[in-house]
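If you want the building blocks of each chain, they are given just below.
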Amino acid sequence: MTSSSASQADADIQERLQAKQYREAFALLLPRYRDKAFRLIFSMLRDRALAEDTTQDVFLRIWRALPGFAGQSALSTWIYAIAKNGALSEIRKRKPTVSLDQSDDEDGYNPAVAALAAPEADDSATVSVGQLLDQLPERYRQAVVLFYMEDKSYEQTAASLGLPLGTVKALLHRARKRLIELNKEAEASSAAAA
């Protein structure tokens, strides 16, 4: 989807914004973008309840900011930027502080060990895409969600993430390569377990 076709898709919302019919514009954009914004936020936070709360906060911000939307970027890009910033704010708020004199976690919690000990959701040999995405670095995961799951173009993905186009292409290339490696590792461990 190009940015011009994205603009055409949101022409009904743009008309209402220009007519200062903010309530009607919001009523159109909420169902159109709520799930997409949630998926982006969830991909960053990886906590469903927190992602749901953050999505509500994001759409409250969007509601308040609608009168100031000047249309300099595509509506979807603007919404994704607000969603990304909302998720980043939550990450900063919840980021634990670490003492420099601690060499290991005192409680001995290791997420990799906990994941191995967790019961499988099903007995199939296939690994879910969500499990693979969870293993990617955050920047890769964000790019993959926008480009593949939200069907954004390279340009729209770059605009949403605030990154240069070349950087997004490199992130997506590395993410694809890493996903293939992770999938092979998961298949090998499934075969060994069987």
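Since the structure is predicted, the reported quantities are computational estimates derived from the model, not experimental observations.

K.L.:
Summarise the overall build of the protein; cite the residues concerned and give the values.
P.N.:
Helices and strands together make up the secondary structure of the protein, namely 10 helices and 0 strands. Secondary structure of the protein in N-to-C order comes out as α-α-α-α-α-α-α-α-α-α. For the protein, with 194 residues in total, the buried portion stands at 32%. Of all intrachain contacts in the protein linking residues separated by at least 6 positions in sequence, the fraction that spans at least 24 positions is 64%. Here the protein has roughly 12200 Å² of accessible surface; of this, 52% comes from carbon and sulfur atoms.

K.L.:
For the pattern of salt bridges, give the residues involved together with the corresponding values.
P.N.:
This model, assessed by the stated rule, comprises 7 salt bridges. Close ionic contact of Arg 32 with Asp 10 constitutes a salt bridge, the shortest N to O distance being 3.0 Å. One end of the pair, Arg 32, is in helix α3 (residues 22-45); the other, Asp 10, is in the loop between α1 (3-9) and α2 (11-18), with 22 residues separating them in the sequence. Arg 32 sits in the partly exposed class, given a relative accessible area of 28%. Notably, a salt bridge pairs Lys 93 with Glu 90, separated by 2.9 Å at the nearest N-O pair. Of this pair, Lys 93 and Glu 90 both sit in helix α5 (residues 75-94), 3 residues apart, roughly one helical turn. Using a relative accessible area of 6% as the deciding quantity, one classes Glu 90 as buried. Through salt bridges with shared partners, a single network forms among Asp 10, Asp 12 and Arg 32.

K.L.:
Outline the environment of Gly 68, listing residues and values.
P.N.:
Positionally, Gly 68 belongs in the loop between α4 (48-65) and α5. Classification of Gly 68 by relative accessible area gives exposed; the value is 62%. Sequence separation of Gly 68 and Leu 17 is 51 residues, and the distance between their C-alpha atoms is 9.6 Å.

K.L.:
Break down the nonpolar core for me, citing the residues and quoting the values.
P.N.:
Leu 29, Ile 62 and Trp 78 are the most contacted members of the largest nonpolar core, which totals 41 residues. Mapped by element, the contributors of at least two residues to this core are α2, α3, α4, α5, α7 (129-134), α8 (138-149), α9 (154-161) and α10 (165-193). Broken down by element, the residue count for this core peaks at 10 residues, all from α3. Beyond its immediate stretch of four places on either side in the chain, Ile 62 contacts Phe 26, Leu 29, Trp 78, Ile 79 and Ile 82.

K.L.:
Let's hear about the packing of aromatic side chains: which residues, and what values?
P.N.:
What the rule picks out here adds up to 6 aromatic pairs. Through pairs of rings, three or more aromatic residues link up here, namely Phe 26, Phe 59 and Trp 63. The ring of Tyr 154 has Lys 169 sitting right over it, with the charged end atom 5.3 Å from the ring centre.

K.L.:
Any details on α9? Residues and values, ideally.
P.N.:
Residues Gln 156, Thr 157, Ala 158, Ser 160 and Leu 161 constitute the buried set of α9. Just beyond α9, the residue with positive phi is Gly 162, at close to 70°.

K.L.:
I'd like a description of the packing of α2 against α3, backed by residues and values.
P.N.:
Contact pair α2 / α3: the axes reach a minimum separation of 8 Å and the direction vectors enclose 155°. Between α2 and α3, the angle falls in the class roughly antiparallel. Here α2 and α3 pass one another in a crossing that is left-handed. For the pair α2 and α3, the contacting residues are Asp 12, Ile 13, Arg 16 and Leu 17 in the first and Tyr 22, Glu 24, Ala 25, Leu 28, Leu 29 and Arg 32 in the second. The residue inventory of the contact of α2 with α3, partitioned by class, reads 6 nonpolar, no polar and 4 charged.

Here is what the cut-offs are and how they apply
- Residues numbered from 1 in each chain as written.
- Predicted model: local features only at pLDDT ≥ 70, side-chain atom pairs only at ≥ 80, totals over all residues.
- Heavy atoms only, no water.
- Helix = DSSP H or I, 4+ residues; strand = E, 2+ residues; numbered from the N terminus.
- Buried < 20%, exposed > 50% of the residue type's maximum accessible area, 1.4 Å probe, protein only.
- Contact = heavy atoms within 4.5 Å.
- Areas by Shrake-Rupley, 256 points an atom, 1.4 Å probe, with all protein chains shown as cover.
- Salt bridge = Lys/Arg side-chain N within 4 Å of Asp/Glu carboxyl O.
- Core = buried A, V, L, I, M, F, W, Y, C linked by side-chain atoms within 4.5 Å.
- Phe/Tyr/Trp six-rings, centres within 6.5 Å; stacked < 30°, edge-to-face > 60°.
- Lys NZ or Arg CZ within 6 Å of the ring centre and 35° of its normal.
- Axes fitted to C-alpha atoms, helices over the stretch in contact; angles between N-to-C directions.
- Parallel < 35°, antiparallel > 145°, perpendicular 65-115°, else oblique.
- Left-handed = near helix turned anticlockwise from the far one by under 90°.
- Nonpolar A, V, L, I, M, F, W, Y, C, P; charged D, E, K, R; others polar.

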